[in-house]
Number of protein chains: 2
Amino acid sequence: MIDSSPVRTHRASCAPAPGHPLPEGRDHYTISEVARVTGLSAHTLRWYERIGLMPHVDRSHTGQRRFRNRDLDWLALVGKLRLTGMPVADMVRYAELVREGEHTFEARQELLEATRRDVRARIAELQDTLAVLDYKIDVYAESRRTSERY
Amino acid sequence: MIDSSPVRTHRASCAPAPGHPLPEGRDHYTISEVARVTGLSAHTLRWYERIGLMPHVDRSHTGQRRFRNRDLDWLALVGKLRLTGMPVADMVRYAELVREGEHTFEARQELLEATRRDVRARIAELQDTLAVLDYKIDVYAESRRTSERY
DNA sequence: TGCTTGCTTGGAGTGCACTCCAAGGTTCTA
DNA sequence: TAGAACCTTGGAGTGCACTCCAAGCAAGCA
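**Quick look at the overall build of chain A**
Within chain A, the secondary structure is distributed over five helices and two strands. Each helix and strand of chain A, placed in order from N terminus to C terminus, yields the pattern α-α-β-β-α-α-α. Across the 150 residues in chain A, those meeting the buried criterion constitute 23%. Counting contacts in chain A only where the partners sit at least 6 residues apart, residues at least 24 apart contribute 60% of the total.

Shown next, in the form of structure tokens:
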């Protein structure tokens, strides 16, 4: 039991990219299968493991990685956190909390709440920027309409 | 006439940070004054100029930079574009269009419209992430409430 | 006039997040 | 069983956006 998070599997959120179907009814995948499904490179997946961002990946008897569905779920969450702009070091911190077990639920919740605040602030910032873009695009459009008229 | 953009000055968007008032009734500022106002470092301002991201900055008779209000307006826009995650190279491209004159209005409008599409997509992405965060935070909160009860 | 603080330059250094390489072992298909 | 395609590792390299440095000139105040 590595991932002690109380997460219900939400497979929908790591659905395979179109044209890259996940093999059905299997719970082990090679690194290139996972790369195809997640959009990350095999290099990046190995690097994630090296820096402690993967909660331990199984190996075949010859040492090749065999990713499981729980790893795909984890990578789906990491993908979301990455989209927020969270630094990899913070994600590693979260991964450490997960490895430490259930007594870190509170810390994990706080970390996610801080991230949520950041994301909300970022959205507000972008909406602000959107207003500036709308304004400038209008000014260009208006100025071009005017110059056409004369 | 370097900046041929049809922009009305929108000083509100580059209002000095609280506690860092802009000297009133003046239209030339040293690099450190601009650094204070924009939140960028003097290093970064020099670097922006070197890579062609500033539409030409005036100099004093001894060669020191004298930024003007139009430079502050430009930096305010650059700051907004930077928030969108636009690569510096693209901002340089926009600066080049500005330097080339009014005949690039269409190209500039297109560039801003492409940026606007990116920003809208990014906001959608973040809102998606927000949903995942809400869900996970709920799960942790619920699980902690439950474990308290028993 | 002297002193402190600020500004100048080209070029080198930093931190982040990958990204790639070489050399060799593994797995799959014909 | 041959050959292609895939996997392994540590360590080096890349690209971006700064960030800093040294040596010397400039500006403002007592």
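**Observations regarding the interface of chain B and chain A**
The figure often quoted for interface size is the accessible area lost as the parts come together. Taken together, the contact between chain B and chain A spans 31 residues of the former and 31 residues of the latter. Contributing elements (two or more residues each) for the side of chain B that touches chain A: helix 3 (69–83) and helix 5 (105–149) of chain B. Take the side of chain B that touches chain A: its biggest share by element is 25 residues, from helix 5 of chain B. Taken together, the residues that form the side of chain B that touches chain A break down as 15 nonpolar, seven polar and nine charged.

**Points about the relation of the copies chain B and chain A**
Here the two chain copies are tied together by a rotation about an axis and a shift along that axis. Aligned on chain A, chain B shows an RMSD of 0.0 Å; the corresponding rotation is 180° and the shift along the axis is 0.0 Å. Read as a symmetry element, the transformation amounts to a two-fold axis. Nearest to the rotation axis, the C-alpha of isoleucine 123 of chain B is located 3.0 Å from it, this being the minimum over chain B. A high fraction, 100%, of the interface residues of chain B reappear at the interface in chain A, so the copies pair face to face through one surface.

**Regarding the nonpolar core**
Counting 26 residues, the largest nonpolar core has Val34, Leu53, Leu72, Val78 and Met91 of chain B as its most contacted members. Those elements that provide at least two residues to this core are helix 5 (105–149) of chain A together with helix 1 (31–38), helix 2 (42–50), helix 3, helix 4 (88–100) and helix 5 of chain B. The leading source of residues in this core is helix 3 of chain B, at seven residues. When near neighbours in sequence (up to four residues on either side) are disregarded, valine 34 of chain B contacts Tyr29, Leu45, Phe67 and Leu72 of chain B. Core analysis: the next-biggest nonpolar cluster, separate from the first, contains 24 residues, Leu45, Tyr94, Ala95 and Leu97 of chain A among them.

**A few points about the protein's contact with DNA strand C**
The immediate surroundings of DNA strand C are formed by 19 residues, with Pro87 and Val88 of chain A together with Thr30, Ser32 and Arg65 of chain B found nearest. Considering every element that reaches the surface near DNA strand C, the biggest residue donor is helix 2 (residues 42–50) of chain A, with three residues. Taken together, the residues of the surface near DNA strand C sort by class into six nonpolar, ten polar and three charged.

**Some points on the protein's contact with DNA strand D**
Near DNA strand D there are 19 residues, and of these Thr30, Ser32 and Arg65 of chain A together with Thr62 and Val88 of chain B occur at the shortest range. Mapped onto the surface near DNA strand D, the elements with two or more residues apiece are helix 1 (31–38) and helix 2 of chain A together with helix 2 and helix 4 of chain B. Tallied by class, residues from the surface near DNA strand D come to six nonpolar, ten polar and three charged.

**Digging into helix 1 of chain A**
Residues and elements named next belong to chain A. For helix 1, every residue scored as buried is listed here: Val34, Val37 and Thr38. Viewed along the axis of helix 1, the buried residues span an arc of 85°, placing them on a single side of the element. Where the residues of helix 1 are buried, they touch helix 2 and helix 3 (69–83). Looking at the residues trailing helix 1, positive phi occurs at glycine 39, about 85°.

**Here we look at the confidence of the model for chain A**
Residue and element names in this part refer to chain A. Looking at chain A as a whole, the pLDDT averages 84, with 81% of positions reaching at least 70. Across chain A, helix 2 holds the top mean pLDDT of 96, while helix 5 sits lowest at 93. This stretch, residues 1–20, has a pLDDT under 50; its non-local contacts, to residues over four places away or in other chains, come to 31 contacts.

Calculation rules
Residues numbered from 1 in each chain as written. Chains lettered and ligands numbered in written order. Predicted model: local features only at pLDDT ≥ 70, side-chain atom pairs only at ≥ 80, totals over all residues. Helix = DSSP H or I, 4+ residues; strand = E, 2+ residues; numbered from the N terminus. Buried ≥ 20, exposed ≤ 12 C-beta atoms within 10 Å, placed from the backbone. Contact = placed C-beta atoms within 7 Å. Nonpolar A, V, L, I, M, F, W, Y, C, P; charged D, E, K, R; others polar. Least-squares fit on C-alpha atoms with pLDDT ≥ 70 in both. Core = buried A, V, L, I, M, F, W, Y, C linked by C-beta atoms within 7 Å. Near = placed C-beta within 6 Å. Arc of directions from axis to C-beta. pLDDT = per-residue confidence, 0-100.

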